[in-house]
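Structure assessment
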Amino acid sequence: MGESVQTISSYDQIRKFIHEISSPLGICVTNISVLEEMIEGFTKEYEKGLKKSTLIEFLNKSSQIGKILSFNINRSLELLEYLEPKKIENSIKVIKFDLKELLKVLTLGLCAKYKNIRIEISAPEQLEIYSIPGKISQIFTNLIENSVNHGFENMESGLINIKITKLKNEIIINYSDNGHGIPDHQIKNIFCKPRSTKEDKNNHFGFGIPIIHEAVTKDFNGSISCQNGEREGILFKIVLPVI
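This write-up is about the structure you can find in this document. Numbering of residues starts from 1 in every chain and runs along the sequence as written. Two thresholds apply to this predicted model, a pLDDT of at least 70 for residue-level local features and 80 or more for giving and counting side-chain atom pairs, whereas whole-chain, interface and lining totals are computed over all residues. Note: side-chain values were computed over all heavy atoms of the structure, leaving out hydrogens and water.

Our focus in this paragraph is the overall build of the protein. Scanning the protein for helices and strands turns up 8 helices and 7 strands. In this scheme, a residue with accessible area under 20% of its type's maximum is buried, one over 50% is exposed, and one in between is partly exposed, where area comes from a 1.4 Å probe on protein chains only. Counting over 243 residues, the protein shows a buried share of 41%. Pairs of residues are marked as contacts when any of their non-hydrogen atoms sit within 4.5 Å. Counted over contacts in the protein with a minimum sequence separation of 6, partners at least 24 positions apart contribute 72%. Values of accessible area rely on a 1.4 Å probe in the Shrake-Rupley scheme; residue burial ignores everything except the protein chains shown. When the accessible area of the protein is evaluated, it comes to approximately 14,200 Å², of which 53% is carbon and sulfur surface. Only DSSP runs of H or I reaching four residues or more are called helices, and only runs of E reaching two or more are called strands; each is numbered from the N terminus.

This next bit is on the packing of aromatic side chains. Each Phe, Tyr or Trp ring, with Trp reduced to its six-membered ring, pairs with another whose centre is within 6.5 Å; inter-plane angles below 30 degrees give stacked pairs, above 60 give edge-to-face pairs, and intermediate values give tilted ones. If you walk through the whole model with that rule in mind, you get 2 aromatic pairs. Centroid distance phenylalanine 42 to phenylalanine 58: 4.2 Å. Interplanar angle 25°. Geometry classified as stacked. Of the two residues, phenylalanine 42 is situated in helix 1 (residues 2-48) and phenylalanine 58 in helix 2 (residues 52-81); the sequence distance between them amounts to 16 residues. Neither phenylalanine 42 nor phenylalanine 58 differs from the other in exposure class; each is buried.

To continue, consider the packing of helix 4 (residues 99-113) against helix 5 (residues 133-151). Running from N to C, helix 4 and helix 5 cross one another at 40°; their axes reach a closest spacing of 11 Å. Taken together, the axes of helix 4 and helix 5 lie oblique to each other. Like other packed secondary-structure pairs, helix 4 and helix 5 cross with a definite hand, here right-handed. Contacts from Leu99, Leu102, Leu103, Leu106, Thr107, Leu110 and Lys113 of helix 4 reach helix 5 at Pro133, Ile136, Ser137, Phe140, Thr141, Ile144 and Glu145. For this classification, Asp, Glu, Lys and Arg are treated as charged, while Ala, Val, Leu, Ile, Met, Phe, Trp, Tyr, Cys and Pro are nonpolar and the rest, including Gly, are polar. Here the contact of helix 4 with helix 5 is composed, by residue class, of 9 nonpolar, 3 polar and 2 charged. Fitting a line to C-alpha atoms yields each axis, with helices limited to the stretch in contact; the angle taken between N-to-C directions then spans 0 to 180 degrees. By the definition adopted for this analysis, an angle is roughly parallel if under 35 degrees, roughly antiparallel if over 145, roughly perpendicular if from 65 to 115, and oblique otherwise. We call a crossing left-handed when the near helix sits turned anticlockwise from the far one by less than a right angle, and right-handed when that turn is clockwise.

With that out of the way, let us pick up the nonpolar core. What makes a nonpolar core is a set of buried Ala, Val, Leu, Ile, Met, Phe, Trp, Tyr and Cys residues whose side-chain atoms join them at distances within 4.5 Å. In this structure, Leu99, Ile139, Phe140, Ile164 and Leu240 are the most contacted members of the largest nonpolar core, which totals 44 residues. Contributing elements (two or more residues each) for this core: helix 2, helix 4, strand 2 (117-122), helix 5, strand 4 (158-166), strand 5 (170-177), helix 8 (208-219) and strand 7 (234-241). With sequence-adjacent residues up to four places away left out, leucine 240 is seen in contact with Ile136, Ile139, Asn169, Glu170, Ile171, Ile173, Val216 and Phe220. Listed in part, the 6 residues of the second largest apolar core include Cys28, Phe42, Ile65 and Leu69.

At a closest axis distance of 9 Å, the pairing of helix 5 and helix 8 adopts a crossing angle of 155°. Considering their axes alone, helix 5 and helix 8 lie roughly antiparallel with respect to each other. In terms of crossing hand, the pair formed by helix 5 and helix 8 is left-handed. Along the contact surface, helix 5 presents Lys135, Gln138, Ile139, Asn142, Leu143 and Asn146, while helix 8 presents Gly208, Ile209, Ile211, Ile212, Ala215, Val216 and Asp219.

The subject of this paragraph is the pattern of salt bridges. Criterion for a salt bridge: a side-chain nitrogen of Lys or Arg within 4 Å of a carboxyl oxygen of Asp or Glu. For the structure on display, the rule yields 7 salt bridges. When the shortest N-O distance is used, the salt bridge between glutamate 128 and lysine 96 registers 3.4 Å. Placement of glutamate 128 in strand 3 (residues 128-131) and of lysine 96 in strand 1 (residues 95-98) is noted, with a sequence separation of 32 residues between them. Take glutamate 128: its relative accessible area is 40%, and that puts it in the partly exposed class.

The phi dihedral of glutamine 126 falls on the positive side, at around 55°, and the residue is not glycine. Its location among the elements puts glutamine 126 in the loop between strand 2 and strand 3. One non-glycine residue, asparagine 154, lies in the positive phi region at around 65°. Tracing the backbone shows asparagine 154 in the loop between helix 5 and strand 4.

For two strands to pair, DSSP has to find at least two bridges joining them. Judged from the 7 bridges that link them, strand 4 and strand 5 form a sheet pairing that is antiparallel. Residue asparagine 161 lies in a different strand from strand 5, and its bridge partner there is serine 176. With antiparallel pairing between neighbouring strands as the criterion, strand 4 and strand 5 make up a hairpin whose turn holds 3 residues. Both strand 5 and strand 7 contribute to a ladder of 7 bridges, which runs antiparallel. Looking at strand 7, one finds that glutamate 170 is bridged to proline 241.

With that settled, the discussion passes to the environment of threonine 30. The residue threonine 30 is located in helix 1 in this model. C-alpha of threonine 30 to C-alpha of leucine 110: the two residues are 80 residues apart in sequence and 9.5 Å apart in space. Apart from residues lying up to four places away in sequence, threonine 30 is in contact with Ala112 and Lys113.

See below:
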C-alpha cells in the first residue's frame, strides 16, 4: 500500500513538472523561430540597402525577444531545480521585483506562442513588491494557458483581462476571460486534482487550476475563488499577502 501511494505521488509530481516546464520551453522555441525569420528578412534588406527605420525595428524586436528568452530560460532552470529536493528551499526566494514589468515580459512570450489571444493588463506603474517571482509566473502562466486550452477552445480569438490592485499588505488579482466558462456542475470541483488522465481531458479546466490553487494557498497562504462571468467567460479572484 505504501509503495502504491508513493508511486501515485511520484506520477503526480512528474505530470506537474512536465505541465509546468512545457510552457517556458514552448515559448522559447516559438521566439527562436520568430528570431530566425527576422534575421533572414533583415539579411535580405541589408543586401538591398538597409534603411535606418528597418535597423531600429530589428534592434527593438531583437531586444524584446532577448528579454522573453532570458525570462523563460531562467524559469525553466528554476523548475529543473525542483527535481532535486535539497535545492527546493534555496530556489524559493523572496525578492523585490516589479510585478507589472514581470507580467509584461511573461505575457509577451505567451502572446507570441498563442497568436489568437489579446491580454490587457491594468495595474499601477512601478508595482514593486517583495514576493516569489517564479511562483507568481507559475500562477499567471497556468491561468492564461487554461484560458487558451479550455476557455477559448474552438474560438477564433480570445480576450484576457488582468486587473491588479495593491493594498498595504496584499495584492488583489482579478483575472477574467471571454471564453466559454465552466459548466455549473464542474465549477465546484475546479480546484480538485483530476483523478485520471481521462478525467483531466474531459473536464473544462485541466491540470493547471489545481496547481494554481496549491501555489496560492500553500506557497503564499493566500486565497482564490472562481465564478462564471455574468455574460461570458470566467473570473478568478486571487488575494496574495506581500511585503
